[in-house]
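Observations on the model geometry
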Amino acid sequence: MRIEAIPAFEDNYIWAIRGMGPIGRVAVVDPGEAAPVERFLARTQDQLVAILVTHRHADHTGGIAELVARHPVPVYGPALEAADVVTHPLRDGERVTLAALGLDFEVLHLPGHTLGHIAYYRPGMLFCGDVLFGAGCGRVFEGTLEEMHASLARIAALPRDTKLYCAHEYTQSCLRFAQQVEPCNALIAARSEQVSRLRAAGLPSVPSTLAEELDTNPFLRWQAPAVIEAATAWLGHAPASDAETFAAIRRWRDSL
Ligand code: ZN
Ligand code: FE
């Protein structure tokens, strides 16, 4: 199985999943625009067999109508939103079987960025849309900070070697904030340098591993003493729970 990033817009990634079944078949995740996917298909000569959607935002769904008009494929997505484009609605705990690729995924419902947001998991990888970014997390547009914390806690509980395929190239700016939260975290500084090198070479900074995120992502580090200390300073009192620590860090980021 090979996974490739198809860049779209300014900083989106549409993930192309090329399966273990017959060669030349591909599924794409969150095609916000059709043209880059069409160029990818023309270059690889792959056949599009499925579209996976994490949430309803236009930068994740905007290309679907045009793609399915040319490639009549199933569109898997959240049961709670994007009903205009989704043909196969999915709920938490359900499985998606992409027979043409010889792959299946488990669906995780991870509300917070949007109420219906889902992610696709199989051992070794998570396609997490806008829930988690490299060293960051999605804005909480819908739902509560508590719900977002619970969603991120589910990701944090996955195996540490899980690769996280998020939908945006935001890692550099997220790391600048991470350094504000934890100026003394050497792993954040090291990741910053590594990501700068990758970006200077025109390469994606993602996927990362959950292990890297647990070390450097302030939105997963609600138990780190330095993060609790920073949240305490920002709030003016000690947070009473992991969720309150997370909420303080998210609101701090939103205030900048
Ligand atoms: Zn979004
Ligand atoms: Fe997005």
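As shown above, the structure is provided for reference.
Everything in this summary refers to the structure shown in the same document. A quick note: this is a predicted structure, and the numbers were derived from the prediction, not measured.

1. As for the overall build of the chain
Counting its secondary structure elements, the chain contains nine helices and 14 strands. What you see for the chain is a C-alpha radius of gyration of 18 Å, in line with the 18 Å of a compact globule of 256 residues. Reported as C-alpha extents along the three principal axes, the dimensions of the chain are approximately 55 × 40 × 30 Å. Buried positions account for 54% of the 256 residues belonging to the chain. Considering only residue pairs separated by 6 or more positions, the chain has 58% of its internal contacts joining residues 24 or more positions apart. Summed over all atoms, the accessible surface of the chain reaches about 10,900 Å², with 53% contributed by carbon and sulfur. Averaging the positions of the 22 positive and the 30 negative side-chain charges in the chain gives two centres separated by 5 Å.

2. Digging into the coordination of the iron ion (ligand 2)
Bound to the iron ion (ligand 2) on the protein side are Asp 59 (OD), His 60 (NE2), Asp 130 (OD) and His 168 (NE2), at distances that span 2.1 to 2.3 Å. Angles of 85 to 165 degrees at the metal separate the four donor atoms of the iron ion (ligand 2), which places the site in the irregular class. Sequence spacing among the residues donating to the iron ion (ligand 2) works out to D-H-x69-D-x37-H. Distance-wise, the zinc ion (ligand 1) is placed 3.2 Å from the iron ion (ligand 2), both being coordinated by Asp 130. Here the residue Asp 59 occupies a position in helix H2 (residues 58–61), and His 168 occupies one in the loop between strand E13 (163–166) and helix H5 (171–181), the gap between them amounting to 109 residues. Judged by relative accessible area, which is 22%, Asp 59 ranks as partly exposed. Residue class for His 168 comes out buried when judged on its relative accessible area of 3%.

3. Quick notes on the pattern of salt bridges
Evaluation of the coordinates by the stated rule reveals 13 salt bridges. The salt bridge partner of Arg 18 is Asp 46, with a shortest N-O separation of 2.7 Å. Here Asp 46 lies in the loop between helix H1 (35–44) and strand E4 (47–52) and Arg 18 lies in strand E2 (residues 12–18), a separation of 28 residues in the sequence. Neither residue differs from the other here; Arg 18 and Asp 46 are each classed as buried. A salt bridge links Arg 95 to Asp 104; the nearest nitrogen and oxygen atoms lie 3.3 Å apart.

4. Overview of the nonpolar core
Counting 56 residues, the largest nonpolar core has Leu 152 and Ile 155 as its most contacted members. With five residues, helix H9 (residues 242–255) is the single largest residue contributor to this core. Residue contacts for Ile 155: discarding those within four places in its chain leaves Leu 110, Leu 126, Val 131, Leu 132, Leu 164 and Leu 210. The next biggest cluster of nonpolar side chains, apart from the first, holds 20 residues, and it includes Ile 14, Ala 34, Val 37 and Ala 82.

5. Points about unusual backbone geometry
The step from Val 206 to Pro 207 runs through a cis peptide bond, and the omega angle for that step is 5 degrees. Relative to the assigned elements, Pro 207 resides in the loop between helix H6 (186–200) and strand E14 (208–209). Phi angles above zero are rare outside glycine, and Asp 30 is one such case at about 60 degrees. Its identity is not glycine, yet Gln 45 carries a phi of approximately 65 degrees, on the positive side. Its place among the elements puts Gln 45 in the loop between H1 and E4. Looking at Gln 45, the relative accessible area reads 64%, which means it is exposed.

Reading the values: the criteria
- Each chain has its residues counted from 1, running along the sequence as written.
- Key to labels: chains lettered from A, ligands numbered from 1, both in the order written.
- Note on the predicted model: pLDDT of at least 70 is required for a residue's local features to be given, and 80 or more for side-chain atom pairs to be given and counted; whole-chain, interface and lining totals, by contrast, use all residues.
- As a rule here, side-chain values come from all non-hydrogen atoms in the structure, and water together with hydrogens is ignored.
- Strands here are runs of E lasting at least two residues and helices are runs of H or I lasting at least four, both read from the DSSP assignment and numbered beginning at the N terminus.
- Each radius of gyration reported is based on C-alpha atoms, and the globular scaling rule is 2.2 Å times the count of residues to the power 0.38.
- Think of it in three bands: residues with accessible area under 20% of the maximum for their type are buried, residues over 50% are exposed, and the middle band is partly exposed, with areas taken using a 1.4 Å probe on protein chains only.
- Contact criterion: two residues are considered in contact whenever any of their non-hydrogen atoms come within 4.5 Å of each other.
- For the area figures, the Shrake-Rupley method with a 1.4 Å probe applies, and any residue is considered shielded solely by the protein chains shown.
- Asp and Glu are treated as the negative residues and Lys and Arg as the positive ones, with His and the ends of the chain left uncounted.
- By convention, the charge on Lys lies at NZ, on Arg at CZ, on Asp at CG and on Glu at CD.
- Metal coordination here is assigned from N, O and S atoms located within 2.8 Å of the ion, or within 3.2 Å for Na, K and Ca; omission of water means that sites may look incomplete.
- Only four donors with every angle between 85 and 135 degrees are called tetrahedral; only four or six donors with opposite donors over 155 degrees apart and all others between 65 and 115 are called square planar or octahedral, in that order; all others are irregular.
- Take a side-chain nitrogen of Lys or Arg and a carboxyl oxygen of Asp or Glu: if they are within 4 Å of each other, that pair is a salt bridge.
- Among buried residues, the Ala, Val, Leu, Ile, Met, Phe, Trp, Tyr and Cys ones that are joined through side-chain atoms within 4.5 Å form a nonpolar core.

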